[in-house]
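Chain and residue survey
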Amino acid sequence: HSIFSIVIECCSVDSDKNEHIRVGKLSLVDLAGSERQSKTGASGDRLKEATKINLSLSALGNCISALVDGKSNHVPYRDSKLTRILQDSLGGNTKTVMCANAGPADY
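So, here's what we can say about the structure. Since this is a predicted model, take the numbers as computed values, not measurements.

Focus on the pattern of salt bridges
Once the charged atoms of two side chains with opposite charge are near each other, the side chains can pair. Under the criterion given, the structure shown has one salt bridge. Asp 88 serves as the salt-bridge partner of Lys 25, at 3.2 Å between the closest nitrogen and oxygen. In this pair, Lys 25 sits in strand E2 (residues 19-30) while Asp 88 sits in helix H4 (residues 87-90), placing the two residues 63 residues apart along the sequence. Residue Asp 88 is classed as partly exposed on the basis of its relative accessible area of 45%.

A closer look at the pairing of E2
Here strand E1 (residues 2-13) pairs with E2 via 12 bridges, running antiparallel. Bridge pairing in E2 links Phe 4 to Leu 28. Count of turn residues in the E1/E2 antiparallel hairpin: five residues, of which Lys 17 carries a positive phi of about 65°.

Describing the side chain of Thr 83
Tracing the chain through its elements places Thr 83 in helix H3 (residues 81-85). Among the polar contacts listed, one links the side chain of Thr 83 to the backbone oxygen of Tyr 77, at a separation of 2.6 Å. Among the polar contacts made by the side chain of Thr 83, one reaches the main-chain carbonyl oxygen of Ser 80 at a distance of 3.1 Å. Not counting the four nearest positions on each side in its chain, Thr 83 is found in contact with Ala 59, Leu 60, Cys 63, Pro 76, Tyr 77 and Arg 78.

Remarks on the layout of surface pockets
Considered as a void within the structure, the largest pocket measures approximately 990 Å³ in volume. Taken together, 27 residues line the largest pocket, and the ones lying closest to its centre are Ser 27, Val 29, Thr 96, Val 97 and Met 98. Contributions of two or more residues to the lining of the largest pocket are made by E2, helix H2 (45-69) and H4. Across the lining of the largest pocket, the residue classes tally to 16 nonpolar, seven polar and four charged. Of all the secondary-structure elements, those providing two or more residues to the lining of the second largest pocket are H2 and H3. Class assignment of the residues belonging to the lining of the second largest pocket gives a composition of four nonpolar, three polar and two charged.

Topic: H2
Its 25 residues give H2 an end-to-end C-alpha distance of 36 Å, which sits within 8% of 36 Å, the value for a rise of 1.5 Å per residue. Along H2, the residues that are buried comprise Ala 50, Ile 53, Ser 56, Ala 59, Leu 60, Cys 63 and Ala 66. Of the residues one or two after H2, Gly 70 is the one with positive phi, at around 85°.

Observations concerning the environment of Gly 91
With respect to the helices, strands and loops of the structure, Gly 91 is situated in the segment after H4. Residue class for Gly 91 comes out buried when judged on its relative accessible area of 16%. Leaving out residues up to four positions away in the same chain, Gly 91 has contacts with Leu 67 and Tyr 77.

Observations regarding unusual backbone geometry
If you check the backbone angles, Lys 17 has positive phi at about 65° while not being a glycine. Structurally, the position occupied by Lys 17 is in the loop between E1 and E2.

Parameters at a glance
- Residues numbered from 1 in each chain as written.
- Predicted model: local features only at pLDDT ≥ 70, side-chain atom pairs only at ≥ 80, totals over all residues.
- Heavy atoms only, no water.
- Salt bridge = Lys/Arg side-chain N within 4 Å of Asp/Glu carboxyl O.
- Helix = DSSP H or I, 4+ residues; strand = E, 2+ residues; numbered from the N terminus.
- Buried < 20%, exposed > 50% of the residue type's maximum accessible area, 1.4 Å probe, protein only.
- Pairing = 2+ DSSP bridges.
- Polar contact = N/O pair within 3.5 Å; in protein donor to acceptor, adjacent residues only side chain to side chain.
- Contact = heavy atoms within 4.5 Å.
- 1 Å grid on protein atoms, 1.4 Å probe; cavity = no way out; pocket = protein on both sides within 12 Å on 5 of 7 lines; lining within 4 Å.
- Points joined across faces, edges and corners; volume = space filled by probe spheres on them.
- Nonpolar A, V, L, I, M, F, W, Y, C, P; charged D, E, K, R; others polar.
- Expected span 1.5 Å × (residues − 1).

Right under this line is the structure:
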């Protein structure tokens with residue numbers, strides 16, 4: 001996976017000399033694709049990497065499901081580094097756009 005985050009802060013002063021700080025964050029995330037390990041024939045380090053990618057995508061799905069469910073009191077952000085880093089971008093006062101690129105599988 002790849003994550004590029006930009007944080008923008010803006011400070012303004014009103015007529016009563018009070019400072020107001022606004023903070024915005026833009027995260028550009030490139031998620032690695034999920035792979036069927038039996039189809040790719042991966043072994044060794046490549047197999048370990050594919051396993052970790054699949055686990056982090058599963059943890060992301062669990063977080064999104066818990067947020068959408070409404071009944072859940074707990075959102076499992078700590079299940080992976082990916083969800084921990086994206087915690088403030090997933091829940092709360094955020095706007096999220098997802099673009100997916102899917103292609104035919106050769107196997």
